[in-house]
Structures are given as C-alpha cells and as structure tokens.
Amino acid sequence: MIELHHLTKRYGDKLAVDDLSFRIPEGVVTGFLGPNGAGKSTTMRMILDLDRPTSGEVTIGGRRYAGIQDPLRQIGALLEAKAVHPGRTAYDHLLWLAQSNRVPRARVDEVLDLVGLTAVARKRARGFSLGMGQRLGIASALLADPQTLMFDEPVNGLDPEGILWIRNLMKRLASEGRTVFVSSHLMSEMALTADHLVVIGRGRLLADLPMAEFIKRNSRSSVRLRTPHQEQLLDALHGAGLRAEPGPDGAWEVVDGDPVVLGDLAAAHGVTLHELSPQQASLEEAFMQMTADSVEYHMGAAAPAPPPVWGAGWNDRKPGKES
Amino acid sequence: MAVFPAVAQSEWTKIRSVRSTVWSLVSVFLITVALGLAISLVARNNPTDFTEGGRPFDATAISFIGVGFGRLAIVVFGVLAVGNEYSSGMIRVSLAAVPQRGTLLAAKTAVLGALALAASLVTVFVAFFVGQAALGGGLSTSLGAENVLRAVVGTALYLTLLCLLSAGVTVMVRHQILALAILVPFILLISPILTLVPVVKDWIKYFPDQTGGAITQVVPTDDLPYGPWTGLLICAAWTAAALLGGYLVLKRRDA
Ligand SMILES: Nc1ncnc2c1ncn2[C@@H]1O[C@H](COP(=O)(O)OP(=O)(O)OP(=O)(O)O)[C@@H](O)[C@H]1O
Ligand SMILES: [Mg+2]
C-alpha cells in the first residue's frame, strides 16, 4: 500500500506539491488527474525517491522506497520522459534493468513479446518511434512482474491505436489484481479506465473518491426549456411542484426533469416551447470546474479556508479497503 | 538493500552495450600503441634526436609517447560511461532500479575501474613491447632494467586513476560535455602551459596529471618534490576526492 503523508515539494520559490496526503487503493486502477503543472510528475518522482520531498514522506508497505530490496519487483514505473540510451538496443536496455534487480534473463524476451517489440529487440532505441519508445518504457515497468504499476501520462503523443492498446493493458493489469496508478490530464480518458480518482491542482489535493461516485455526482442531467411566455411557464412548473433554474440566454433548466412530463405540462397550460432538450454535463466540464476553483483559490490574495476535499474520508468510510 | 554483484553485472551490461563507450576504451589502446610504434620507428633511425640537452636515451618513454593522447581517450571513456546516464535521462531509470545511490555509484566505479585497469594493462604492455621491437636490439630496453617495470605498471595505474577521476567529476557536474570541458583543460592543457608561469609552477606540480605522471618515467624529466609512488598516491587522493564529491551530489540532489 502506497501512502503519501503531507508530501510537500518546493523548487526554489515554486511550490510544486503542497501538503499532499492520500492512499493509493490496491488492486484497482487509480487515475491521477490534474491540469498541466499540477504536480503529478513531481509526486510520482517522490514516490520513487528520485526527488527528495521538502517535507512529508511516502511509504510503500510502511517503508521508504530506498529501503526496498529489488524495488522493481514491487513497483514498475513509466515516467514522463523517454529515458533510454539512444545507442542501446531494446534488449540490452531491459537486460541491464533485469540484472540490477535479479530478474531472470528469460523475462526480457517475455516482456518484449508482451509489448510487441520482439521484432525490433536488437535495434538501437535511437530509431524508435514515440509509440515504440512508450512500449519499451512499459516493458521496463512490467519486467519484474510487480504488483504495483505507475504510469505518467502513458498515452501522451500516441495514436488512437496506441491509446487503445494502453487502455486495454491497464484494464488487464487491474483484472489481474494489480494496483495501477496512472496520471493524465484528460478526465474523459480516465472515466474509461479508472476505478478510483485522485485530483490535484496547484499541488493540492482536490478530490479523492471512487470514479463511480464522481460520475454520479457530476453526471447531472437536466431538461432545458425555452419559451417566449416565461411567466406562464414558471407558474405551470411551480404549480406542478417543479423547480427551474435559469439557464443560458433566457432559457430555464429543470434538474432531473423528464422531457415527456415537461412537454405535456407546457401543452396543458398552452405554453409555446421553442426548445425542449435534455442536457448532460460532461465529466470533463466537471473536472475543469473543480480545478478552475483551485486556480482561483491560489491566486486570491486573501486565502480562504481550503475547499473541502471531494470524497475526503472515503477510505475511512469503506471498511476492508485498508491493507 | 541492493545486491552489489547484481548491480555490478548490470553496470557491465550498460557499458558493453553502447558503442561509444566501447570504442573510447578501444581507442585508448589503438592511439597509445600506434603513436608509440610510430615514434619508436622514428627514434630507431634518428636516435640522436632523442638525446638532446644531454639527456640519456629513454627507450621506455619513447614507446610511451602515445600515453599522452591515450589519457584523453580514457578520460572520454570515464566521462561517457557515467555521463550518458545524464544525457539520456536514464539516470532516473537507474535510480528507480537501484535507489541505494551509494551502491549504484560503488558498482559503477568498480566496473569502470576494473575495465580501465584491464584495458590499460594490455595497452601499456603491448605499447612497450611493440615499441621496443621497433627500436631494435641496439636501442631497446627490457622490463628487467631499472625502474622499467615500475613505469609500465605505474602507467596503467595512472590511466585507471584518470578514468575514475573523470567519472567522479562527471557525477558531480551531471553533464558529459561540461565534464569534458572541465577535464580536458585541467588534465591535458593547463599544466603544460602553467608550468611555464613561475608563480604557479610549484602548485601545478600537485595536479593529478603531474603527480600521476611521475611514475610513468624511467628517467625523471622534471625535478618533483615527491617520488613516483607518492605522486601516484596524490593522484589517487584527487580521484578519491572527485568520487566523494560525486557521491555527495548524487546522494543529495534530485535526480
Ligand atoms: N526540477 C524542477 N525544477 C523546478 N521546477 C520544477 C521542477 N519540476 C517541476 N517543476 C515545477 O513544478 C510544477 C509541477 O510540475 P509537474 O511536472 O510535477 O506537473 P505535472 O502535473 O506533471 O504537469 P504536466 O501535466 O504538464 O505533466 C510545475 O510548475 C513545474 O514547472
Ligand atoms: Mg507531468
């Protein structure tokens, strides 16, 4: 179980990660979301002990990463940048990694096959495309068959086929009972793959909750009504016990309304409708709304109390999730 | 904790699997032997050119002329073997695999040192015998002659120390071009120039190339305030300081 305790990282004046505390739930895919510069990569580097926290700490099964023997057998990571020597072959890159953690050599061929790089195994990485480089990085992460996998924006720059491949891979890894921690700045992408969600903005935790709960809260549907007879419409709605909220351009919206009921109601009262349309808020909008608030909060001169973390206390409410 | 032999094996794979590191080490041999051979052939035909100023004819020094350039190649090898981790961003992968940074550096140093020593020993013995053969019976010397074996083995040790010194400096500055920009002038250019400046002359004698270079000479050319073995020790101290500096930087800084 990976736990972050009040993790803070400062680069000079820049507060990249700000008092971040959360747990990565085991055996599921957790999406780690935040806009550019939110501190996702920095957090991942601190989990691997590559960057030293200014304060706070990360524990993996209660220990620091640097205290783990053969750590690749526990956590496999694909970090942001392609980090392969251009003059080394894919095979040799995986070989030195395997040797450093005492992984049998045969495993190198296995993971090359798994990511579909067998044909170019003896080619130097210099000539690899972005997608091939990404596959090699994923092969490195899977090399020692770790229980936990961490991917920093694995779909960045990939073509649709590559994106689909990664999406399916993550699902498969989770179905094998592995823990997957994957960063992204696309909520729509995460909605397809992640079971759990951690959102940060400007280094601060904004949300930590199951994906299903996020979708439930944010897939607010409503019916939009537009009419030249506003007064009569509102009276009719009021009479039927329905509440309308003002929408864009003089329209009205009825949350969780039923278009059939509303259409009948308008007809019964002789109200002409120019629009009767069901509305569905997108998850992407909800995500942008959430992070936009964090931006405002941080730019404000007088800082109000930090907004409550979405889904805070979820871990405590859910028995049996602790390890 | 990381297991040292496993990490060392992995470091060996890293070095042997990149052409530039392999070739820089091979070029130590080629440059040193080829230049020694060429100059030995010249000396065979014009031996008096090599005894100017009343100096005795030094057959070992003539066959070792190439060492001056071989040093450059072994410095490049030390810089590349470490620096390519930084230039490619691979250092993060290396440290994620072996987060015990001291162990990683120790394994790298051990493998690098062993390779540099093996390559240097082969180089100096081949350069010596090839040079002596080229000089011919009348001029050549033998390993049994006074100070010759010391100079031959000492030269290999000197080259090995320079390689590790370069590795240490590269870990400290974390950039191969920068490391070369520091090392090449420091080791190869500054001291020959600065020894001509009287004020700093006494200081320059304690630089790595001067201290380590003392043991390479059968017939001392400069008057140095230390013997050949003491000189080599001072050079080893420079190397140790560079590696320690590298260790501290690696330990403290974000990767
Ligand atoms: N080594 C560093 N030195 C200085 N500042 C840094 C360093 N690394 C990150 N930062 C800064 O810290 C902040 C967080 O960066 P980070 O790369 O972690 O964000 P991110 O969430 O991964 O963004 P992206 O989605 O663009 O990858 C940024 O403002 C970045 O400029
Ligand atoms: Mg990032």
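Model, not experiment: these values are computed from the prediction.

**Re the sheet that holds strand β9 (residues 204–210) of chain A**
Residues and elements named next belong to chain A.
Then comes step 1: If you walk across this open sheet you meet the 6 strands as β5-β6-β7-β3-β8-β9, and the pairing is mixed. Every interior strand has two partners, whereas the edge strands, β5 (75–78) and β9, have only one. In this sheet, neighbouring strand axes are inclined to one another by 15° on average, regardless of whether the strands run parallel or antiparallel.
Then comes step 2: Sheet topology places strand β3 (residues 29–33) next to strand β8 (residues 196–201); 4 bridges connect them, and they run parallel. The residue of β8 that forms the bridge with Leu-33 is Val-199.

**Quick notes on the packing of helix α6 (residues 101–135) of chain B against helix α11 (residues 228–252) of chain B**
Residue and element names in this part refer to chain B.
Then comes step 1: Close contact between α6 and α11 brings their axes to 9 Å; oriented N to C, the two are set at 145°. Crossing hand, α6 versus α11: right-handed. Of the residues in α11, those in contact with Arg-101, Gly-102, Leu-105 and Thr-109 of α6 are Leu-243, Gly-246, Tyr-247, Leu-250 and Lys-251.

**Quick look at the sheet that holds strand β10 (residues 221–226) of chain A**
Strand pairing in a sheet is mediated by backbone hydrogen bonds. Such pairs are either parallel or antiparallel.
Residue and element names in this part refer to chain A.
Then comes step 1: The strand order β11-β12-β10-β13 describes an open sheet built from 4 strands, whose pairing is antiparallel. Each having just a single partner strand, β11 (245–246) and β13 (275–280) make up the two edges of the open sheet.
Then comes step 2: Across 4 bridges, β10 lies against strand β12 (residues 252–255) in antiparallel orientation. In the sheet register, Val-223 faces β12, and the bridge partner there is Val-254.

**A word on the domain arrangement of chain A**
Reports of interface size often rely on the accessible area that becomes lost once the parts have come together.
Then comes step 1: Domain assignment breaks chain A into domain 1 (2–217) and domain 2 (220–280).
Then comes step 2: A C-alpha centroid distance of 47 Å is found between domain 1 of chain A and domain 2 of chain A.

**Some details on a nonpolar patch on the surface**
Residues and elements named next belong to chain B.
Then comes step 1: A cluster of nonpolar side chains, namely Val-22, Trp-23, Val-26 and Leu-30, defines an oily patch on the protein surface of about 350 Å² accessible area.
Then comes step 2: Looking at the element boundaries, Leu-30 is found in helix α2 (residues 19–45).
Then comes step 3: Given a relative accessible area of 46%, Leu-30 falls into the partly exposed group.

**Here's the deal with the site of ligand 1**
Residue and element names in this part refer to chain A.
Then comes step 1: Asn-36, Gly-37, Lys-40, Ser-41 and Thr-42 are the nearest of the 15 residues found near ligand 1.
Then comes step 2: For ligand 1, whose accessible area on its own is 630 Å², the fraction buried by protein is 67%.
Then comes step 3: A breakdown of the residues in the shell around ligand 1 according to their chemical character gives 4 nonpolar, 6 polar and 5 charged.

**Structural notes on the UniProt feature "domain: ABC transporter" (unreviewed entry) in chain A**
Then comes step 1: In this structure's numbering, the residues bearing the UniProt feature "domain: ABC transporter" (unreviewed entry) are residues 2–227 of chain A.
Then comes step 2: Helix makes up 32% of residues 2–227 of chain A and strand 29%, whereas the separation of the span's terminal C-alpha atoms amounts to 55 Å.

**Things to note about the packing of aromatic side chains**
A ring pair, where both rings are aromatic, is described by two values, the distance of the centres and the angle of the planes.
Then comes step 1: According to the stated counting rule, one finds 9 aromatic pairs over all chains in the structure shown.
Then comes step 2: Here the aromatic rings of B:Phe186 and B:Phe207 are separated by 4.8 Å at their centres, their planes lie at 35°, and the arrangement is tilted. A residue pair is termed long-range when its members are at least 10 positions apart, and B:Phe186 in helix α8 (residues 176–194) and B:Phe207 in the loop between α9 (198–204) and α10 (208–213) qualify at 21 residues.
Then comes step 3: We classify B:Phe207 as buried; its relative accessible area is 17%.
Then comes step 4: What links up through ring pairs into an aromatic cluster is the set A:Phe22, A:Phe32 and A:Phe181.
Then comes step 5: Here the guanidinium or amino end of A:Arg122 rests over the ring plane of A:Tyr91, the centre of that ring lying 4.0 Å away.
Then comes step 6: A cation over a ring is seen here: A:Arg135 above A:Trp165, with NZ or CZ 4.3 Å from the ring centre.

**Re the interface of chain A and chain B**
Then comes step 1: Taken residue by residue, the interface counts 33 residues in chain A and 32 residues in chain B.
Then comes step 2: Close ionic contact of B:Asp254 with A:Lys9 constitutes a salt bridge, the shortest N to O distance being 2.7 Å.
Then comes step 3: Counting across the chain A and chain B interface gives 14 residue pairs in polar contact (both at pLDDT 80 or more).
Then comes step 4: Mapped onto the side of chain A that touches chain B, the elements with two or more residues apiece are β1 (2–11) and α2 (90–100) of chain A.
Then comes step 5: When residues in the side of chain A that touches chain B are grouped by element, the largest group, 7 residues, is from α2(A).
Then comes step 6: Of the residues in the side of chain A that touches chain B, the class split is 15 nonpolar, 8 polar and 10 charged.

**Observations regarding the environment of A:Lys171**
Residues and elements named next belong to chain A.
Then comes step 1: Looking at the secondary structure, you find Lys-171 in helix α5 (residues 160–175).
Then comes step 2: Looking at Lys-171, the relative accessible area reads 40%, which means it is partly exposed.
Then comes step 3: Distance from Lys-171 to Val-29, taken between C-alpha atoms, is 7.7 Å for residues 142 residues apart in sequence.
Then comes step 4: Each residue touching Lys-171, except ones within four places of it in the same chain, is listed here: Leu-192 and Thr-193.

**Observations concerning the environment of B:Thr60**
All names here are of chain B.
Then comes step 1: Position of Thr-60 among the secondary structure elements: in helix α3 (residues 59–63).
Then comes step 2: The spacing of Thr-60 and Gly-154 is 94 residues in sequence and 12 Å in space, taken between C-alpha atoms.
Then comes step 3: Dropping the residues within four chain positions of it, Thr-60 is found in contact with Phe-128, Gln-132, Thr-141, Val-148, Ala-151 and Val-218.

**Re the pairing of strand β6 (residues 148–152) of chain A**
All names here are of chain A.
Then comes step 1: For β6, the buried fraction is high: 5 of the 5 residues fall into the buried class.
Then comes step 2: Side chains Thr-148, Met-150 and Asp-152 of β6 all project onto a buried face; the interleaved residues Leu-149 and Phe-151 project onto the opposite face, where all are buried too.
Then comes step 3: Across 4 bridges, β5 lies against β6 in parallel orientation. Bridge pairing links Ala-77 to Met-150 in β6.
Then comes step 4: Strand direction decides the pairing type here: β6 and strand β7 (residues 179–184), joined by 5 bridges, are parallel. Looking at the pairing, Phe-151 lines up with Val-182 of β7.
Then comes step 5: The parallel pair β6 and β7, bridged by α5, forms a crossover whose chirality is right-handed.

**Quick word on the state of the cysteines**
Residue and element names in this part refer to chain B.
Then comes step 1: Applying the stated rule across the entire model yields 0 disulfides over all chains.
Then comes step 2: Cysteine Cys-235 shares no disulfide, and the gap to the nearest cysteine sulfur, in Cys-163, comes to 12 Å.
Then comes step 3: Classification of Cys-235 by relative accessible area gives buried; the value is 1%.

**Topic: the confidence of the model for chain B**
All names here are of chain B.
Then comes step 1: On average, residues of chain B score 92 in pLDDT, and 98% of them reach the 70 mark or higher.
Then comes step 2: Per-element mean pLDDT across chain B ranges from 79 in α9 up to 98 in helix α1 (residues 4–16).
Then comes step 3: Our summary of model confidence lists the complex with pTM equal to 0.87 and ipTM equal to 0.93.

**Structural notes on the UniProt feature "transmembrane region" (unreviewed entry) in chain B**
Then comes step 1: Listed under "transmembrane region" (unreviewed entry) in the UniProt record, and renumbered for this structure, are residues 21–42, 62–83, 104–131, 151–171, 178–200 and 229–250 of chain B.
Then comes step 2: Along residues 229–250 of chain B the backbone is 100% helical and 0% strand, and the end-to-end C-alpha distance reaches 31 Å.

The rules behind these values
- Residues numbered from 1 in each chain as written.
- Chains lettered and ligands numbered in written order.
- Predicted model: local features only at pLDDT ≥ 70, side-chain atom pairs only at ≥ 80, totals over all residues.
- Heavy atoms only, no water.
- Pairing = 2+ DSSP bridges.
- Helix = DSSP H or I, 4+ residues; strand = E, 2+ residues; numbered from the N terminus.
- Axes fitted to C-alpha atoms, helices over the stretch in contact; angles between N-to-C directions.
- Left-handed = near helix turned anticlockwise from the far one by under 90°.
- Contact = heavy atoms within 4.5 Å.
- Domains from an automatic or database assignment.
- Patch = residues over 30% accessible without salt bridge, like charges linked within 9 Å, V, L, I, M, F, W, Y side chains within 5 Å.
- Areas by Shrake-Rupley, 256 points an atom, 1.4 Å probe, with all protein chains shown as cover.
- Salt bridge = Lys/Arg side-chain N within 4 Å of Asp/Glu carboxyl O.
- Buried < 20%, exposed > 50% of the residue type's maximum accessible area, 1.4 Å probe, protein only.
- Near = heavy atom within 4 Å.
- Nonpolar A, V, L, I, M, F, W, Y, C, P; charged D, E, K, R; others polar.
- UniProt positions renumbered as here; feature names shortened; annotations may be inferred.
- Phe/Tyr/Trp six-rings, centres within 6.5 Å; stacked < 30°, edge-to-face > 60°.
- Lys NZ or Arg CZ within 6 Å of the ring centre and 35° of its normal.
- Polar contact = N/O pair within 3.5 Å; in protein donor to acceptor, adjacent residues only side chain to side chain.
- Right-handed = clockwise from strand over helix to strand, strands pointing away.
- Disulfide = S-S within 2.5 Å.
- pLDDT = per-residue confidence, 0-100.

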